[in-house]
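Next come the chains, spelled out residue by residue.
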Amino acid sequence: MVASKMAEILAEIFIVMAVGYYVAYIKLVKEEHFKMLADLTILVATPLLIFYSMYVNYTPELLKASYKLPLVSSFTVVLTLLISAFIFKLLKVPEEKKNALYALSSFSNTIFLGLPINMALFGDISLPYVILYDLGHTPLFWTLGIWVLSDDKSFDVKGLKQILNPSFISIVLSFMVASLRIYVPEVIMKSAYMIGSIAIPMALLFIGMNMYVIEKGDLNYLLFIPALIKLILTPLIAFLLVYYLNLPVIAKKVAVLEAAMPTMITVAIVARQMSEKKGFASTVVFIANLLSFLTIPIFLVLINKL
């Protein structure tokens, strides 16, 4: 059941990417307009999707139940970032690609792929634990991840603006609204859902379009290293973190599986948005999704040791 569900989701991902590739091939959307699509996805659709998801799914009681899970998620990302930085330094990768490679190695597709796979495997009981894991993951991407992807690492006004981006503001705002149980009119929530729901398909189309324009010089071994770090090293770190923690077994299993998910789709969009030279990030996302069909079953066996 899990294998068929995973195959179905990955097929959907690749089909939408293929449509994006074809759109770029026939020049329906020209390369000079790619950044506008990235801005629409990152600055408009994604913040509204985050707000809707947090408002609908988050409760303070949920956090109290397994407050350690967001910490596990955050520590997993940070440790992966540190180790990947060491690996890429040893490999002497080009400076202009380092930032994207760090992020591509560390952040997971926790919701779009992780949620349905966990629910197929463990049922509805896994939903709150997936949300808790993402609570430590997504805010970290929109702060630390944005800082990592940025070429400007200064802590001046410009650097602060990059961290205080619309998605991070949406996380803070939705967290406050949900925690204080502030009522938001249904018409606003429906509008947020309507606009936010385009974020994932737009991101997948965007990745497909970027794969069409990738330079031949970018097609080398570097595309596989972040994918392998993400699919093997990251879940191993999560496994070691949860093994000795006092958490429900189902929470431990969810944490390892979430860490085993392929690269977060949004990384490729933000990388392209920040620098036109980082189109290769889309190909890494594609490779990571493809290889995950081989690596995730390994961790399905490993979590039975928890």
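For the structure itself, consult the block above.
The structure presented is a predicted model; accordingly, all values stated were derived computationally and were not measured.

Engineer: For this particular structure, what's the right way to read the overall build of the chain?
Structural biologist: Assigned secondary structure in the chain consists of 15 helices and 0 strands. The globule rule puts the C-alpha radius of gyration for 306 residues at 19 Å, and the 18 Å found for the chain is close to it. With respect to the principal axes defined by its C-alpha atoms, the chain has extents near 50 × 45 × 45 Å. Evaluated residue by residue, the chain yields a buried proportion of 51% over its 306 residues. Across the chain, contacts joining residues at least 24 apart in sequence account for 87% of those joining residues at least 6 apart. For the chain, the exposed area adds up to about 14100 Å²; of that, 71% sits on carbon and sulfur atoms. For the chain, the distance from the average site of its 23 positive side-chain charges to the average site of its 18 negative ones is 6 Å.

Engineer: Teacher, can you tell me more about the layout of surface pockets here?
Structural biologist: By rolling a water-sized probe across the atoms, one finds the places where empty space is left. Its boundaries defined by the atoms lining it, the largest pocket holds a volume of some 950 Å³. Taken together, 38 residues form the lining of the largest pocket, with Leu49, Ser53, Ile111, Phe112 and Ile200 sitting closest to its centre. Elements represented by at least two residues in the lining of the largest pocket include exactly α2 (34-57), α6 (114-122), α7 (127-149), α10 (186-196), α11 (199-213) and α14 (265-274). Its residues assigned to classes, the lining of the largest pocket shows 25 nonpolar, 12 polar and 1 charged.

Engineer: In this structure, what is going on with the packing of α2 against helix α9 (residues 166-179)? I would like to understand it.
Structural biologist: When two helices pack together, their arrangement is given by the angle between the helix axes and the distance between those axes. Direction vectors running N to C along α2 and α9 enclose 20 degrees, while the axes themselves pass 8 Å from each other. The pairing of α2 with α9 is recorded here as roughly parallel in orientation. At the point where α2 passes α9, the crossing takes the right-handed sense. For the pair α2 and α9, contact is made by Ile42, Leu43, Thr46, Pro47, Ile50, Phe51, Met54 and Tyr55 and by Pro166, Ser167, Ser170, Ile171, Leu173, Ser174, Phe175, Val177 and Ala178, respectively. Tallied by class, residues from the contact of α2 with α9 come to 13 nonpolar, 4 polar and no charged.

Engineer: Sorry, what's going on with the pattern of salt bridges here?
Structural biologist: One side chain can pair with another of opposite charge once the charged atoms of both are near each other. Enumeration according to the criterion identifies 2 salt bridges in this entry. A salt bridge links Lys35 to Asp39, with the nearest nitrogen and oxygen atoms 3.4 Å apart. Pair noted here: Lys35 and Asp39 are both in helix α2, with a separation of 4 residues, about one helical turn. You can call Lys35 partly exposed: its relative accessible area is 33%.

Engineer: Would you mind showing me how to read the packing of aromatic side chains here?
Structural biologist: Note on aromatic pairs: each is described by the distance of the centres and the angle between the planes. Inspection of the entire model under this criterion finds 12 aromatic pairs. Arranged with centres 6.2 Å apart and planes meeting at 10 degrees, the rings of Phe51 and Tyr55 form a pair that is stacked. Linking Phe51 with Tyr55, this pair stays in helix α2, spanning 4 residues, or about one helical turn. By relative accessible area, Phe51 is classed as buried at 13%. Judged by relative accessible area, Tyr55 falls into the partly exposed class, the value being 21%. In textbook terms, an aromatic cluster arises when at least three aromatic residues are bridged by ring pairs, as seen for Tyr21, Tyr22, Tyr25 and Tyr212.

Engineer: What's the story with a nonpolar patch on the surface in this structure? I'm lost.
Structural biologist: Where nonpolar side chains cluster on the molecular surface, the patch consists of Leu40, Leu43, Val44, Met194, Ile195 and Ile198 and spans about 490 Å² of accessible area. Counting residues per element, the ones that place at least two in the nonpolar patch are α2 and α10. Ranked by the residues each element gives to the nonpolar patch, the list is headed by α2, at 3 residues. Counting through the fold element by element, Leu40 comes out in helix α2.

Engineer: Got a minute to help me understand the side chain of Thr110 in this structure?
Structural biologist: Looking at the element boundaries, Thr110 is found in the loop between α5 (95-106) and α6. Judged by its relative accessible area of 4%, Thr110 is buried. Here Thr110 is in contact with Leu115, Val130, Tyr133, Asp134, His137 and Glu258, once residues within four sequence places are set aside.

Engineer: Is there a simple way to think about the environment of Pro262 in this case?
Structural biologist: Structurally, Pro262 is set in the loop between α13 (249-259) and α14. Note on Pro262: relative accessible area 0%, which makes it buried. A C-alpha to C-alpha distance of 8.4 Å links Pro262 and Leu113, two positions 149 residues apart in sequence. Not counting residues within four places of it along the chain, the set of residues in contact with Pro262 comprises Phe107, Ser108, Asn109, Leu113, Lys230, Leu231, Ala288, Asn289, Ser292 and Ile296.

The rules behind the values
Residues numbered from 1 in each chain as written. Predicted model: local features only at pLDDT ≥ 70, side-chain atom pairs only at ≥ 80, totals over all residues. Heavy atoms only, no water. Helix = DSSP H or I, 4+ residues; strand = E, 2+ residues; numbered from the N terminus. Rg over C-alpha atoms; globule rule 2.2 N^0.38 Å. Buried < 20%, exposed > 50% of the residue type's maximum accessible area, 1.4 Å probe, protein only. Contact = heavy atoms within 4.5 Å. Areas by Shrake-Rupley, 256 points an atom, 1.4 Å probe, with all protein chains shown as cover. Lys, Arg positive; Asp, Glu negative; His and termini not counted. Charge placed at Lys NZ, Arg CZ, Asp CG, Glu CD. 1 Å grid on protein atoms, 1.4 Å probe; cavity = no way out; pocket = protein on both sides within 12 Å on 5 of 7 lines; lining within 4 Å. Points joined across faces, edges and corners; volume = space filled by probe spheres on them. Nonpolar A, V, L, I, M, F, W, Y, C, P; charged D, E, K, R; others polar. Axes fitted to C-alpha atoms, helices over the stretch in contact; angles between N-to-C directions. Parallel < 35°, antiparallel > 145°, perpendicular 65-115°, else oblique. Left-handed = near helix turned anticlockwise from the far one by under 90°. Salt bridge = Lys/Arg side-chain N within 4 Å of Asp/Glu carboxyl O. Phe/Tyr/Trp six-rings, centres within 6.5 Å; stacked < 30°, edge-to-face > 60°. Patch = residues over 30% accessible without salt bridge, like charges linked within 9 Å, V, L, I, M, F, W, Y side chains within 5 Å.

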